[in-house]
Amino acid sequence: MAGGPASDIGPDPRPFVLLASRHGKERATARPFRQGLGLELVVADQIDTDDFGTFTGERPRPADAATTCRLKAEAALDATGASLGLASEGSFGPHPAIPFLPLAIEWMTFVDRRRDLVISERLEGAPTNFSHSVIAAGADPGSWLERIGFPAHGVIVRPHRSDPHPSDPFPIIRGLQCPQALEQAIRGAAAHSVDGLALLETDMRAHRNPTRMASIRRLAFRLVRRIRTPCPSCGSPGWGLVGREPGLPCDWCGLPTALLRAEIHGCAHCDHRAEVPRRDGLLRADPQHCAPCNP
Ligand SMILES: [Zn+2]
Ligand SMILES: [Zn+2]
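Parameters and conventions
Residues numbered from 1 in each chain as written. Chains lettered and ligands numbered in written order. Predicted model: local features only at pLDDT ≥ 70, side-chain atom pairs only at ≥ 80, totals over all residues. Heavy atoms only, no water. Helix = DSSP H or I, 4+ residues; strand = E, 2+ residues; numbered from the N terminus. Buried < 20%, exposed > 50% of the residue type's maximum accessible area, 1.4 Å probe, protein only. Contact = heavy atoms within 4.5 Å. Areas by Shrake-Rupley, 256 points an atom, 1.4 Å probe, with all protein chains shown as cover. Donors = N, O, S within 2.8 Å, 3.2 Å for Na, K, Ca; no water. Tetrahedral: all angles 85-135°; square planar, octahedral: opposite > 155°, others 65-115°. Salt bridge = Lys/Arg side-chain N within 4 Å of Asp/Glu carboxyl O. Expected span 1.5 Å × (residues − 1). Pairing = 2+ DSSP bridges. Axes fitted to C-alpha atoms, helices over the stretch in contact; angles between N-to-C directions.

Visitor: How should I be thinking about the overall build of the chain in this particular structure?
Guide: A count of helices and strands for the chain gives five helices and 12 strands. Counting all 295 residues of the chain, 45% fall into the buried class. Contacts in the chain between residues far apart in sequence, at least 24 positions, make up 62% of those at least 6 positions apart. As presented, the chain carries roughly 14900 Å² of accessible surface, and 52% of it is formed by carbon and sulfur atoms.

Written out as structure tokens, the structure is:
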């Protein structure tokens, strides 16, 4: 392992980091934390992460995804008295700029109670199969299923429009990966829907969604890299991206455009910040991005 201040995280006899997850995320996070930081991953399965909200919406999330992520890691530490915690959180929705395209954002947060450090990374625009479909019982969902990667990826089924006061409420059925069980669930849900239709959704839980699991793995490596990066001022672990500055000057008129001008890197412990040039080295914006030059 490389030297530097990050290398002495976890002086316990067998240093470990507690992962707050019931959804198999250790499969994606154990290797980066062991290889990059010498930390063994221990799953805190006594924490019901669904207490922090579910993708399917029966329990709304109490806070934004980044905060929820930190709260999950903190809850695992509160419950066990351990000092290093890890949690991840995803959010999925329509893309704000490109209609019909889904946008996935993944967060991962590492909490070190001894050093009073909270270090987070995120992955925006990761590949995702996030989607839904509304179908009648007996209709063929084949093309949608193919698009979302069924049966490797799980499906959730529920009535499209539930009776607000049902005599026998129909449960949300999650994690469907078998065609026969899926067909049965669609029939049941459609029969319990006031419009006779079933709502099919992609199951976004990591253990039912290999595309998401791959994103979590990528993010775990990114977070480990950040934990290993010391602050140039105080030496504390967790130096990395904290903000983006737009305003790359137009190549013709020099006025600031909406394009990224620089990244702001910061410390998880002290107030030190530094401006870092764009990774692609671009110093001037193509005039097509400039309102005065290309109205
Ligand atoms: Zn211009
Ligand atoms: Zn610092």
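Visitor: What exactly am I supposed to notice about the coordination of the zinc ion (ligand 1) here?
Guide: A four-donor tetrahedral metal ideally has 109.5 degree angles, and a six-donor octahedral metal ideally has angles of 90 or 180 degrees. Taken together, the protein ligands of the zinc ion (ligand 1) are Cys250 (SG), Cys253 (SG), Cys290 (SG) and Cys293 (SG), with distances of 2.3 Å. Viewed at the metal, the four donor atoms of the zinc ion (ligand 1) are separated by angles of 106 to 111 degrees, and the geometry they form is tetrahedral. Binding-site remark: the zinc ion (ligand 1) is held by donors from one chain whose sequence spacing is C-x2-C-x36-C-x2-C. Of this pair, Cys253 sits in the loop between strand E10 (240–246) and strand E11 (260–266) while Cys293 sits in the segment after strand E12 (273–277), and the two are 40 residues apart along the sequence. Residue classification places Cys253 among the partly exposed residues on the basis of a relative accessible area of 37%.

Visitor: Honestly, the pattern of salt bridges in this entry has me stumped. Any pointers?
Guide: Charged atoms that come close allow side chains of opposite charge to pair. This model, assessed by the stated rule, comprises 17 salt bridges. Several salt bridges converge on common partners, so that one network encompasses Arg70, Glu74, Asp78 and Arg113.

Visitor: Could you clarify how one ought to interpret the environment of Gly93 in this entry?
Guide: Its place among the elements puts Gly93 in strand E3 (residues 84–94). Of the residues examined, Gly93 reaches a relative accessible area of 14% and is grouped as buried. In the structure, Gly93 is positioned 12 residues away from Ile105 in sequence and 9.0 Å away in space, judged by C-alpha atoms.

Visitor: It is not clear to me how the coordination of the zinc ion (ligand 2) should be interpreted in this structure. Could you clarify?
Guide: In this structure, Cys231 (SG), Cys234 (SG), Cys267 (SG) and Cys270 (SG) serve as the protein donors to the zinc ion (ligand 2), at separations of 2.2 to 2.4 Å. With four donor atoms in place around the zinc ion (ligand 2) and angles of 102 to 116 degrees between them, the coordination shape is tetrahedral. One chain supplies every donor for the zinc ion (ligand 2), spaced along it as C-x2-C-x32-C-x2-C.

Visitor: What should I look at first to understand helix H4 (residues 179–191) in this one?
Guide: Taking 1.5 Å as the rise per residue, H4 with 13 residues should run 18 Å; its terminal C-alpha atoms sit 18 Å apart, in good agreement. When we look at burial in H4, the residues that qualify are Leu182, Ala185, Ile186, Gly188, Ala189 and Ala190. Those residues of H4 that are buried are in contact with strand E6 (132–136), helix H3 (142–148), strand E7 (155–159), strand E8 (173–176) and strand E9 (197–202).

Visitor: Sorry if this is basic, but what is going on with the sheet that holds strand E2 (residues 40–43) here?
Guide: Backbone hydrogen bonds hold the strands of a sheet together, and the pairing may be parallel or antiparallel. Spatially, five strands are ordered E2-E1-E3-E4-E5 in an open sheet, and the strand pairing comes out mixed. Two strands close off the open sheet at either side, each with one partner strand: E2 and strand E5 (117–124). Put simply, the sheet's adjacent strands are angled 25 degrees from each other on average, direction ignored. Pairing geometry for strand E1 (residues 16–19) and E3, over two bridges, is parallel. In the strand pairing of E3, Leu19 is matched with Leu86. Helix H1 (residues 26–37) rests against E1, E2, E3 and strand E4 (102–112) of the sheet, and its axis sits at about 150 degrees to E2.

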